[in-house]
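As a plain string of letters, each chain reads:
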Amino acid sequence: MTENKQKAKNYIYTFSRHEDENSLCCLEMRSLFGFDTETTILESTRQIDPSRSPFIKERIDVIYEGENLDDIVHQVVDLQLEATFKVVFINLDKREKVAFEKRRAWERQVGLHIQGKVNLQNPELLFAIINVNGRWLFGQYFASEAVWYKHQSKPQNYSTALSTRVARAVVNIAVPNPAGIKAIDPCCGIGTVLIEALSMGIDIDGSDLNPLALRGTRENLAYFGFQTEVTLRDIRNVTGNYQVAIIDMPYNLCSVLDPKEQLEMLQSARSFAKKVVIVTIETIDSIIEMAGFSIVDRCVAKKGSFTRQIIVGE
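As a starting point, this report considers the structure included with it. If you're wondering where the values come from, they're calculated on a predicted model, not measured in any experiment. (Residues numbered from 1 in each chain as written. Predicted model: local features only at pLDDT ≥ 70, side-chain atom pairs only at ≥ 80, totals over all residues. Heavy atoms only, no water.)

Closest axis-to-axis distance for the helix 6 (residues 192-199)/helix 7 (residues 211-223) pair is 10 Å, and the angle between their directions is 30 degrees. Taken together, the axes of helix 6 and helix 7 are roughly parallel relative to one another. For the crossing formed where helix 6 meets helix 7, the hand is right-handed. Contacts between helix 6 and helix 7 pair L194, I195 and L198 from the former with T217, N220 and L221 from the latter. (Axes fitted to C-alpha atoms, helices over the stretch in contact; angles between N-to-C directions. Helix = DSSP H or I, 4+ residues; strand = E, 2+ residues; numbered from the N terminus. Parallel < 35°, antiparallel > 145°, perpendicular 65-115°, else oblique. Left-handed = near helix turned anticlockwise from the far one by under 90°. Contact = heavy atoms within 4.5 Å.)

This is the structure we're talking about:
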């Protein structure tokens, strides 16, 4: 009896990032996809909601592939759609400009061979034609929504808090696959990480030893309609079992924690979390290892002259 193996579906993702964000974006890529790329295009068999990442612009779910556009035209005749649709050409090679008239001609050529009703203004389905390294691809198109950007308008803010963009990437690094994961932010501050995690459907608790910060956390969560357990406690008093902890090491503009306190915090995290993602402005590798974690990956997140290290420990 011959086994019928179905070919894994391919997904094309495009990325947009500032030069200062390259290291952070690559670590997020490695976490979500298992590898990274210095280019703006990534191809994978993993399906990720493009709105999860602050760097992903769009995703194309590949349906047909050919050596030229005619190959695509011959294949799309098999598509029978009940929903209205539109076809767009996405130019992924910014080095080569494609004239407007040529793009529209390609879109019409493909669209006219699909069995269904075209709606150019408000289609129910959007399809894309792309050319990747000489391969012509056709698939359903999904644009990213900048969810993190909306969260910038939270009512309470700290000057030293993570930006919503960085926080969202850190959450993806910590929890690339939310299924069955219980996470915690034991130094949650005003809840920037909690908001990004909850907006992605991640099960996460928060705690902090600062009652004023937690008042802001609860206000921010309520503002966006999110709910989770937020507890007043020191990280050294956290109990329970979590798959991952996201720890933005506390600091202010005048001072940082001494090594003894840092070690105590991370030793406590080792007792309740199997994995940590640590955000720090200092190099604390030796302290992380003394606490019982092995550093498995890392990056830097820059903003002008200010640099944070993001370290993954297991």
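Don't stop here, the text continues.
On to the packing of aromatic side chains. Counting across every chain of the model gives 11 aromatic pairs. Taking the centre distance of 5.0 Å and the plane angle of 70 degrees together, the rings of F89 and W106 count as edge-to-face. Residue F89 is found in strand 4 (residues 85-90), and its partner W106 is found in helix 3 (residues 100-111); the two are separated by 17 residues along the sequence. The burial state of F89 is the same as that of W106; both residues are buried. Geometrically, the ring pair formed by F127 and F138 is stacked, given 5.2 Å between the ring centres and 15 degrees between the ring planes. Of this pair, F127 sits in strand 5 (residues 125-132) while F138 is found in strand 6 (residues 135-143), placing the two residues 11 residues apart along the sequence. Feature note: the residues Y64, F85, F127 and F138 constitute an aromatic cluster, connected by ring pairs. Sitting over the face of the ring of F142, R59 holds its NZ or CZ atom 4.6 Å from the ring centroid. (Phe/Tyr/Trp six-rings, centres within 6.5 Å; stacked < 30°, edge-to-face > 60°. Buried < 20%, exposed > 50% of the residue type's maximum accessible area, 1.4 Å probe, protein only. Lys NZ or Arg CZ within 6 Å of the ring centre and 35° of its normal.)

Sheet architecture is open: 7 strands sit in the order 9-8-7-10-11-13-12, paired in mixed fashion. The sheet is open, and its two borders are formed by strand 9 (230-232) and strand 12 (295-303), each paired with just one other strand. Within the sheet, the average angular offset between the axes of one strand and its neighbour, ignoring direction, is 20 degrees. Strand direction decides the pairing type here: strand 7 (residues 182-185) and strand 10 (residues 242-248), joined by 2 bridges, are parallel. (Pairing = 2+ DSSP bridges.)

This part covers the state of the cysteines. Counted according to the given criterion, the structure contains 0 disulfides. Cysteine C299 remains unbridged, with the sulfur of C26 as its closest cysteine sulfur at 9.1 Å. Given a relative accessible area of 5%, C299 falls into the buried group. (Disulfide = S-S within 2.5 Å.)

Let us now look at the nonpolar core. Membership of the largest hydrophobic core comes to 43 residues, with the highest contact counts inside it found for Y13, F15, L24, F33, I202, I204 and I310. The dominant element in this core, judged by the number of residues it contributes, is helix 5 (residues 164-174), at 7 residues. The contact partners of L24, leaving out residues within four places of it in the chain, are F55, V166, A169, I173, C299, V300, A301 and I310. The next biggest cluster of nonpolar side chains, apart from the first, holds 23 residues, and it includes I184, C187, A269 and I288. (Core = buried A, V, L, I, M, F, W, Y, C linked by side-chain atoms within 4.5 Å.)

With that settled, the discussion passes to the sheet that holds strand 2 (residues 41-44). As a general point, the strands of a sheet are linked pairwise by backbone hydrogen bonds and lie either parallel or antiparallel. Strands sit in the order 2-1-3-6-5-4 across an open sheet of 6 strands; the sheet is mixed. Every interior strand has two partners, whereas the edge strands, strand 2 and strand 4, have only one. On average, each strand axis in the sheet is tilted by 30 degrees relative to the strand beside it, whichever way the strands run. Two elements, strand 3 (residues 56-66) and strand 6, share 8 bridges in a ladder whose sense is antiparallel. The partner of D61 across the bridge, within strand 6, is Q140. Across the face of the sheet, helix 1 (residues 22-33) comes into contact with strand 1 (11-15), strand 2 and strand 3 while running at roughly 165 degrees to strand 1. Packing of helix 2 (residues 69-76) onto the sheet brings it into contact with strand 3, strand 5 and strand 6, and relative to strand 3 it is tilted by some 80 degrees.

On to the pattern of salt bridges. Counting across every chain of the model gives 15 salt bridges. D234 is paired through a salt bridge with R236; the nearest N and O atoms lie 3.0 Å apart. Judged by relative accessible area, R236 falls into the partly exposed class, the value being 35%. R236 serves as the salt-bridge partner of E264, at 2.7 Å between the closest nitrogen and oxygen. Of this pair, E264 sits in helix 8 (residues 259-272) while R236 sits in the loop between strand 9 and strand 10, and the two are 28 residues apart along the sequence. Exposure remark for E264: the relative accessible area of 26% places this residue in the partly exposed category. A single network of salt bridges, built from pairs that share partners, joins D234, R236, K260 and E264. (Salt bridge = Lys/Arg side-chain N within 4 Å of Asp/Glu carboxyl O.)

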